[in-house]
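# Structural features, examined
The primary structure of each chain is shown beneath.
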Amino acid sequence: MIGKTISHFKILEKLGEGGMGDVYKAEDTNLDRIVALKFLPVEMTRDKDMKTRFIHEAKAASALDHTNICAIHEIAETEEGQLFISMGYYEGDTVEDRIKQGPLEVDDALDTTIQIAQGLDKAHKKKIIHRDIKSANIIVTTDGVVKIVDFGIAKLAGQTQVTKDGTSLGTASYMSPEQTLGKEVDHRTDIWSLGVVLYEMLTGLQPFQGDYEQAVVYSIMNEEPKPLTGLRTGIPLQLEQILDKALAKDPNERYQHLDELIVDLKHVKKKPEKEKTDAQPPPLSPEKKPLWKQPIPLVVGVFALIVIAGVLLNLIINKPEPEVVPVAPQISSKSIAVLPFTSIDRTEESEIFSEGIHDDILSQIAKIRDLKVIARTSVLRYRNTEKSIKEIAHELGVGTVLEGSVRRSGEKVRIVAQLIDADTEDHLWTETYDRNYADIFAIQSDVANKIAGALQATLTLEEKHAIDEIPTDNLEAYELYQQGKIIFNKGWALEYFESAMAMFEKAVELDPDFVMAYSWLSIAHLRVYWFFSQLPKEHLQGAKLALDQAKKLDPNHSSVHLAEGFYYYHGFRDYDNALEKFYLALKRYPNESDLLHAIGFVKRRQDKWGEALEYILRGTALDPQSSDKAMSAGETALFMRNWEVAEQFLTRATLSNPQNGWAYLYRVWLAIEGKGDLEEGRTIAEEALKNNDSKERLMIEMAASVEYVNRNYQKALEICNEYKHTNIIDDSWILFNKGRFALALNQRDLATSYFDSLKTLWVKGGQSTPGDWFYHFNLAAAFAGMGMKEKFSKEWELYETLLPFHKDFFWGTINRVYKIEMLLWLGEYDQAIDLADQMLSIPSFLTMNTLKLSPIFDPLRDNPRFQELIIKYSQKSRNRLSHVGYTEDGLIL
């Protein structure tokens, strides 16, 4: 194109290119002036109606006469029919180029934003919407004058649907929530995008981030940007409030007109320097770089941080084998572990009081979004520890530690709290409270506020209100509630949940207006309903009654949102409503690791595995010593066939708790069916048996499975015969395995007796749950093992009716892998191969090594279709996660 003359324009040089066309510097030979020519992609204007509409839009934009809007001189087309626009040419840089040099000075950012707003305001008054405001579409001339370019282009892009992900308008990072949904937009979408540009100018970061377009869209729809004052000093609080309003997800809560925004921006700009910085944290010390110039922090957890970093770097560059890269973790100073408080008197009353105070203060601090706060289950491991503050902080991945002591004598209490820098072990803040017990809420609130100040953490008005909230006026009711929460969090045992329910019920008897106690009473009922089979309808009804009362008292309380989320999730598998409520609760409980895991578990059931692992890893980073949390992360990675990530977290799970039988079972599965290493599987099983009761069902199943895959069928059966009756669930799995081992031995009569026992077990012992999917799943397995095709099909159909695949992809994929085995017992080889093909193409427990090593597939070894299946998946690259990145909370995938 350089040197060519098109119409009366001589092309001089290329200025840039992008999805919306190439731009050239040209000489207008008619008027002897320099212009910019933008040539639109041919595919955007092939349709005559679309071309006409675009020309109409461009003509309207060309009529805009404003200093801050790029002048459009002419719209024409080449001899080949390609449209181009002649525009004003300006010496200067785009805002995008300026940001690449670092965040702008606050006044420069304000001045640029005001000029953009003035230009847009003129357009909006002419009923013209830009639709694609972004830093690349803003030019700042050498004289400091802002020029907005590309009016009308975004609408054409929307009409032709040329964007790569099928969305119709705008650039993902700058799109408003309504724009991402493809809804009809108005001028307020430009206000949102302008807010994004302002945030970007001030921080050098985009407020809504992701490694791929859908992750960005998800962030726009569900997350809040990090507060400005937490990323940079010297930012006026009023400016942060302006941005919050400009970036309100609901258009009705946004600025309704740009002249309102302009007034507010000018008011901030006119403030004297002292007034602008009074409420800010002190400047960063010279040796500390601003956050936006530091490496992105990676806080994954306690064990194998360096190995994980190396493995994940390997995933990004897609090497065939992991390469360990030594990367030291970056620990934020705004991270804290609240150690168990010491009871000075050592009396039972004082110990209970100490535990309650610790839980409450931790809960209050955890409401501060700008802090990373380690969960209670992890810090409890350091009760009475001899480890130093530095050692504890290193293991938990935090920069500061809060420790304290308490004494209670009648109605008098003494609480001593001290905040300690993990590196230097210097005291950053210390306070002694000698108060009446009635002041306990004020003490907790003061501690949280003082810590926020000491760590220079941004504390929003909403968080301030949450910290200052008084949950009840009845201190006896509050003590019962405290004890209920502590018992509830002891572990996954029915007795704990029932005891917690009893405490919550007593609390609401003493204070019928105690919202949080009602909410947790509902959650406790739901926990029993979901995980245990005792009186399920009664517990669902109890959950509803407690939740209804909580909603009646305060429908907008965060604990109510939390309870509602579990009610929809555990009560009805209504995932959309559950997530809506969980997200609301997350605003108040940003450091609640159990809530993050709950969101992850819901997303697994929705078949959103990448998002699921993101939330689960975020929760695990906040509870790094939790064996169960690490196991959940490893389990999810197993489904995604990410063996490296799975191994890191499953190993951490067994190191944290050598009695975690499930984690060992998953590690054995990973070794054999994930990595194809039979010997490693046997070694891990032996390690598990040393640390656990060998008669426990999981240990028996693990040991028997190792023998089974090594084709020692008789030994596998003998191991199962050591099992003693415990409950219907464990009995079922043992009978199922004994039946499959007998079939492998070709002892069909023996196999039939085991499967008939499995059927009888559920027909007699499961009478209370014939409407439950697991009931019909077990009957289907029993009939398949006995060779009864019609009865198997009937029971499987009933199972599918109660738990269709789309309602639970987590259990759905597990059960379909088992269905493959059942089909093979019945001789339905083609159906089994079809289902195996499906399960290999999606996240599931089925792997190539399962096909190659498991005796289950021995009947298919000579089957041509089965051999084709192995070739098909052997030729595919190793199953990897599609995207891996880092956040300060853990991994994002």
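Residues numbered from 1 in each chain as written. Predicted model: local features only at pLDDT ≥ 70, side-chain atom pairs only at ≥ 80, totals over all residues. Heavy atoms only, no water.

## Section: the overall build of the protein chain
Rule in force here: Secondary structure elements are taken from DSSP: a helix is a run of H or I of four residues or more, a strand is a run of E of two residues or more, and numbering for both begins at the N terminus. The buried label applies to any residue whose accessible area, calculated with a 1.4 Å probe on protein chains only, is under 20% of its type's maximum; exposed applies above 50%, and partly exposed to all values in between. Contacts are residue-level and defined by heavy atoms, with any inter-residue pair within 4.5 Å sufficient. Areas reported here follow the Shrake-Rupley algorithm with a probe of radius 1.4 Å; residue values treat only the protein chains shown as occluding.
The helix and strand inventory of the protein chain stands at 39 helices and 17 strands. Counting only residues that meet the buried cut, the protein chain has 55% of its 893 residues in that class. Nonlocal contacts in the protein chain, meaning residues at least 24 apart in sequence, comprise 62% of its contacts between residues at least 6 apart. Entry remark: accessible area of the protein chain is about 38,700 Å², with carbon and sulfur atoms responsible for 49%.

## As for the nonpolar core
The cut-off we apply is this: In this description, a nonpolar core means a group of buried Ala, Val, Leu, Ile, Met, Phe, Trp, Tyr and Cys residues linked to one another through side-chain atoms lying within 4.5 Å.
By size, the foremost hydrophobic cluster in this structure holds 96 residues, and its most contacted members are Ile365, Leu402, Ile451, Tyr481 and Phe582. For this core, the element with the most residues is helix α20 (residues 515–531), which contributes ten residues.

## Observations regarding the side chain of Thr78
Relative to the elements of secondary structure, Thr78 occurs in the loop between β5 (72–77) and β6 (83–88). In this view, Thr78 contacts Ile6, Phe39 and Phe84; residues no more than four positions away in its chain are not counted.

## Here we look at the side chain of Thr636
Looking at where Thr636 falls in the secondary structure, it is placed in helix α26 (residues 627–639). Apart from residues no more than four positions distant in its own chain, Thr636 is found in contact with Arg604, Trp609, Leu613 and Ile616.

## Considering the pattern of salt bridges
Any two side chains of opposite charge can pair, so long as their charged atoms come close to each other. The following threshold applies: Salt bridge, as used here: a side-chain nitrogen of Lys or Arg that lies within 4 Å of a carboxyl oxygen of Asp or Glu.
What the rule picks out here adds up to 46 salt bridges. Measuring nitrogen to oxygen at the nearest pair gives 2.8 Å for the salt bridge that ties Lys544 to Asp548. Within this pair, Lys544 and its partner Asp548 are both found in helix α21 (residues 536–553), separated by four residues, close to a single helical turn. Among the charged side chains, a network of salt bridges with common partners joins Glu355, Asp359 and Arg376.

## Looking at helix α30 (residues 697–709)
Spelled out, the test is: In a helix, the anticipated span is given by 1.5 Å times the number of residues less one.
The end-to-end C-alpha distance of α30 is 18 Å, a good match for the 18 Å that 13 residues give at a rise of 1.5 Å each. Within α30, twelve of the 13 residues are buried, which leaves the element mostly enclosed by the surrounding structure. Residues Arg697, Leu698, Met699, Ile700, Glu701, Met702, Ala703, Ala704, Val706, Glu707, Tyr708 and Val709 constitute the buried set of α30. Buried residues belonging to α30 abut α28 (661–674), α29 (678–691), α31 (713–720), α32 (728–744), α36 (809–825) and α38 (848–853). Backbone geometry just after α30 places Arg711 at a positive phi near 65°.

## Concerning the pairing of strand β15 (residues 427–436)
Note the following rule: Strands are labelled as partners when DSSP assigns at least two bridges between them.
Alignment of strand β14 (residues 412–421) against β15, held across nine bridges, turns out to be antiparallel. Counted as the bridge partner of Ile420 is His427 from β15. Between β14 and β15, which pair antiparallel and follow one another directly, the connecting turn spans five residues, one of which, Glu425, has a positive phi of 60°.

## Some details on the packing of α30 against α32
Definition in use: Lines are fitted to the C-alpha atoms to define the axes, a helix being fitted only along its stretch in contact, and any angle between axes, read from their N-to-C directions, falls within 0 to 180 degrees. Roughly parallel here means an angle under 35 degrees, roughly antiparallel means over 145, roughly perpendicular means 65 to 115, and every remaining angle is called oblique. Each helix crossing is assigned a hand: it is left-handed if the near helix lies turned anticlockwise from the far helix by less than a right angle, otherwise right-handed if that turn is clockwise. Gly counts as polar in this scheme, as do all residues outside two lists: the nonpolar Ala, Val, Leu, Ile, Met, Phe, Trp, Tyr, Cys and Pro, and the charged Asp, Glu, Lys and Arg.
Running from N to C, α30 and α32 cross one another at 15°; their axes reach a closest spacing of 10 Å. When the interaxial angle is binned, α30 and α32 end up roughly parallel. Between α30 and α32 the crossing geometry is left-handed. Residues Arg697, Ile700, Glu701, Ala704 and Tyr708 of α30 form the contact with α32, whose own contacting residues are Asp730, Trp733, Ile734, Asn737, Arg740, Phe741 and Ala744. Residues that form the contact of α30 with α32 fall into these classes: seven nonpolar, one polar and four charged.

## Notes on the packing of aromatic side chains
Convention followed: We call Phe, Tyr and Trp rings a pair once their centres come within 6.5 Å, taking the six-membered ring for Trp, and we label the pair stacked below 30 degrees between planes, edge-to-face above 60, and tilted otherwise. Definition used: whenever NZ (Lys) or CZ (Arg) falls within 6 Å of the ring centre and also within 35 degrees of the ring normal, the charge is taken to sit over that ring.
For the structure on display, the rule yields 51 aromatic pairs. The ring of Tyr255 carries the charged tip of Lys245 above its face, separated from the ring centre by 4.6 Å.

## Concerning the environment of Leu494
Following the sequence through the fold, Leu494 ends up in helix α19 (residues 494–510). Taking the C-alpha atoms as reference points, Leu494 and Ala524, separated by 30 residues in sequence, lie 9.9 Å from one another.

## Structural notes on the sheet that holds strand β8 (residues 138–141)
With respect to topology, three strands assemble into an open sheet ordered β7-β8-β9, the strand pairing being antiparallel. The open sheet has two free edges, formed respectively by β7 (92–94) and β9 (146–148), since each of these has just one partner strand. Across the sheet, the mean angle from the axis of one strand to that of its neighbour is 25°, orientation sign disregarded. Looking at chain direction, β8 and β9 are connected through three bridges and run antiparallel. By the bridge assignment, Ile138 is partnered in β9 with Ile148. Along the sheet face, helix α3 (residues 106–125) touches β8 and β9 and points at about 40° away from the line of β9.

## Section: the confidence of the model for the protein chain
Going by this rule: One confidence number per residue, pLDDT, is output by the predictor and ranges from 0 to 100.
With 86% of its residues at a pLDDT of 70 or more, the protein chain shows a mean pLDDT of 84. Scored below 50 in pLDDT, residues 156–170 makes 34 contacts in the model with residues more than four places away or belonging to other chains. Taken together, the stretch residues 272–329 has pLDDT below 50 and engages in 106 contacts with residues farther than four places along the chain or on a different chain.

## Some words on helix α34 (residues 773–785)
The cut-off we apply is this: Under the rule applied, a polar contact is a pair of N or O atoms within 3.5 Å (in protein, one hydrogen donor and one hydrogen acceptor; residues adjacent in sequence only if both atoms are side-chain atoms).
Given a rise of 1.5 Å per residue, 13 residues ought to cover 18 Å, and the 18 Å separating the end C-alpha atoms of α34 matches this to within 8%. For α34, the buried fraction is high: 13 of the 13 residues fall into the buried class. Capping the start of α34, Asp772 holds a side-chain oxygen 2.9 Å from the backbone nitrogen of Phe774, two or three residues further along. Gly787 occupies a position one or two residues after α34 and carries a positive phi of about 80°.

## Comments concerning empty space enclosed by the protein
The test is simple: Here a cavity is any set of points on a 1 Å grid over the protein atoms alone where a 1.4 Å probe fits but cannot get out, and a pocket is any open set with protein on both sides within 12 Å along at least 5 of 7 lines; a residue lines the site when it has an atom within 4 Å of a point. Grid points are joined across faces, edges and corners, and a volume is the space filled by probe spheres set on the points.
Summed over all chains, the structure comprises five cavities of 30 Å³ or more. The calculated volume of the largest cavity comes to roughly 60 Å³. Surrounding the largest cavity, twelve residues form its lining, Ile72, Met87, Val149, Asp150 and Phe151 being those nearest its centre. Class assignment for the residues of the lining of the largest cavity results in ten nonpolar, no polar and two charged.

## Quick word on the pairing of β6
The buried fraction of β6 amounts to six of the six residues, a majority that puts the element mostly inside the structure. In the sheet, β5 pairs with β6 via five bridges, with the strands oriented antiparallel. If you follow Ile75 over to β6, its bridge partner there is Ile85. The turn joining β5 and β6, which pair antiparallel and follow one another in sequence, is formed by five residues; a positive phi near 90° is taken by Gly81.

## Brief notes about unusual backbone geometry
Of note in the backbone geometry, Asn384 takes a positive phi value of approximately 60° without being a glycine. Although it is not a glycine, Asp607 adopts a positive phi angle of roughly 70°. The residue Asp607 is located in the loop between α24 (593–605) and α25 (609–622) in this model. With a relative accessible area of 34%, Asp607 lands in the partly exposed category.

## Regarding the environment of Ala375
Within the secondary structure layout, Ala375 lies in the loop between β12 (372–373) and α14 (376–379). Residues Ala375 and Ala337, 38 residues apart in the sequence, show an inter-C-alpha distance of 7.9 Å. Aside from chain neighbours lying at most four places away, what touches Ala375 is Ser593, Leu622 and Asp623.

## Regarding the environment of Ser350
Counting through the fold element by element, Ser350 comes out in helix α13 (residues 348–365). Residue classification places Ser350 among the buried positions, given a relative accessible area of 1%. Considered as a pair, Ser350 and Val406 are 56 residues apart in the sequence and their alpha carbons are 7.7 Å apart.

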